[in-house]
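Here are the chains, one letter per residue:
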Amino acid sequence: MSRFHSLEIVDRRQETADSVSLAFAVPESLRGAFAFQPGQYLTVRVTIDGEECRRSYSICSGADEGELRIAIRAVEGGRFSRFAAESLGRGARLDVAPPEGRFTAEIGADRHYAFFAAGSGITPVISIVRSTLAADARARATLVYGNRTSASIMFREALDDLKDRYLGRLAVFHVLSRERQAFDLLNGRIDGARVALFARTIVAPADVDAWFLCGPFGMIEDGRTALLAAGVEPSRIKAERFSTDGALPPAPGPAPARAGHEGEAQVDCILEGRSRRIAVEPGRLIIEAAHGQGFEIPHSCKGGMCCTCRCKVLAGAVAMDVNYSLEPWELEAGFVLACQSRPLTPAVTLDFDAA
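This section reports on the structure supplied with the text. On a predicted model such as this, the values are computed, not experimentally measured, just so you know. (Residues numbered from 1 in each chain as written. Predicted model: local features only at pLDDT ≥ 70, side-chain atom pairs only at ≥ 80, totals over all residues. Heavy atoms only, no water.)

**So, the pattern of salt bridges**
- What the rule picks out here adds up to 23 salt bridges.
- For E67, the salt bridge identified is with R69, shortest N-O distance 3.0 Å.
- By relative accessible area, R69 is classed as buried at 2%.
- Residues joined by salt bridges that share partners form a network here, namely D11, R13, E15, E67 and R69. (Salt bridge = Lys/Arg side-chain N within 4 Å of Asp/Glu carboxyl O. Buried < 20%, exposed > 50% of the residue type's maximum accessible area, 1.4 Å probe, protein only.)

Take a look at the structure:
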């Protein structure tokens, strides 16, 4: 059964010159399926020029607002973002999968969260900020948000409104790379050095319960390194990657060797309580083989980032090309990403329902 549902767009808002947000009407029968945790994303599906196109976009609405809204920023050469800008408006319908993602926070608790976001990385962040501050009068948030110019700041009015509404509980610092500001701390890009500087001068690690990084791949990697060097525990750092920003994953290389086996592998996939066997040729990715045989493994990015195709190896062995989303404990527990995995043994069993 398809995990996608046709939802109607009931509102379109121009957020900046190159970004829009879209709100969906959710029928009463689907309210439970589309209940979301702040920070999660929706996967949308559309056919463009005869080819299926899937993209994941973070939810930007707060948990208490009674709205399901995503934000889309135009990407150079982006097929879907161009389609959204030209063709999507009120009354249009999109195939949408229920919310997914683990870039979430504990809502309704006395917590201080710190966020480093750049560009469209603000989308899941503003959902978390809205939700945490509304749910607990003691919750606090510090946001460092990077953009090129003030005109390119997504949700600028919304952030200003939030600062006014939660005086003393929300601090927002806009870092601009192509517009000069009075304080040097706020000029340039958010990189490791700037994250370290903020951690020394503005928001002390000891005063923060969790750190959230969302933006370009380099910013996330450098920011994480800076926070670790500042003494932040790895478990208190969360990251959401939208792309690898040209940082190409390693080439798969030759097909992995199979111990005493040179033919195709038989892979049993457990999904939604049912088992389906697929044949995987030597060196081929499991998700490619599955889709080629008419069995759809849940996916969004196919790049090892979204974790939608996460599964647990119950039998046999596989090799992953890259991993940008599984945590160390998950790797130790036997979880892999189907979009990056190739069988190493003649028989493999994967459980996509494993928690």
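Next comes the rest of the write-up.
**Re the pairing of strand β11 (residues 237-241)**
- As paired strands, strand β10 (residues 210-215) and β11 are joined by 5 bridges and run parallel to one another. Its bridge partner lying in β11, F212 is registered against K238.
- With helix α5 (residues 217-229) bridging β10 and the parallel β11, this β-α-β connection has right-handed handedness. (Pairing = 2+ DSSP bridges. Helix = DSSP H or I, 4+ residues; strand = E, 2+ residues; numbered from the N terminus. Right-handed = clockwise from strand over helix to strand, strands pointing away.)

**Side note on the packing of helix α4 (residues 192-201) against α5**
- It is the contact of α4 with α5, at a shortest axis distance of 8 Å, that shows an interaxial angle of 35°. For the crossing formed where α4 meets α5, the hand is right-handed. Counted together, G192, V195 and A196 of α4 and D222, G223, A226 and L227 of α5 form the full contact between these two elements.
- Looking at side-chain class alone, the contact of α4 with α5 contains 4 nonpolar, 2 polar and 1 charged residues. (Axes fitted to C-alpha atoms, helices over the stretch in contact; angles between N-to-C directions. Left-handed = near helix turned anticlockwise from the far one by under 90°. Contact = heavy atoms within 4.5 Å. Nonpolar A, V, L, I, M, F, W, Y, C, P; charged D, E, K, R; others polar.)

**Points about α5**
- Here α5 spans 19 Å end to end across 13 residues, near enough to the 18 Å set by a 1.5 Å rise per residue.
- Residues of α5 that are buried include every one of F217, M219, I220, G223, A226 and L227, and no others. (Expected span 1.5 Å × (residues − 1).)

**Some remarks on the environment of Y113**
- As for its position among the elements, Y113 is in strand β7 (residues 112-118).
- Take Y113: its relative accessible area is 4%, and that puts it in the buried class.
- In this structure the C-alpha to C-alpha distance between Y113 and V208, which are 95 residues apart in sequence, comes to 5.8 Å.
- Each residue touching Y113, except ones within four places of it in the same chain, is listed here: A105, E106, T132, R140, A141, T142, V208, D209, A210 and F212.
- At 3.0 Å, the side chain of Y113 and the backbone oxygen of E106 are in polar contact. (Polar contact = N/O pair within 3.5 Å; in protein donor to acceptor, adjacent residues only side chain to side chain.)

Read these as spatial facts, not as claims about activity.
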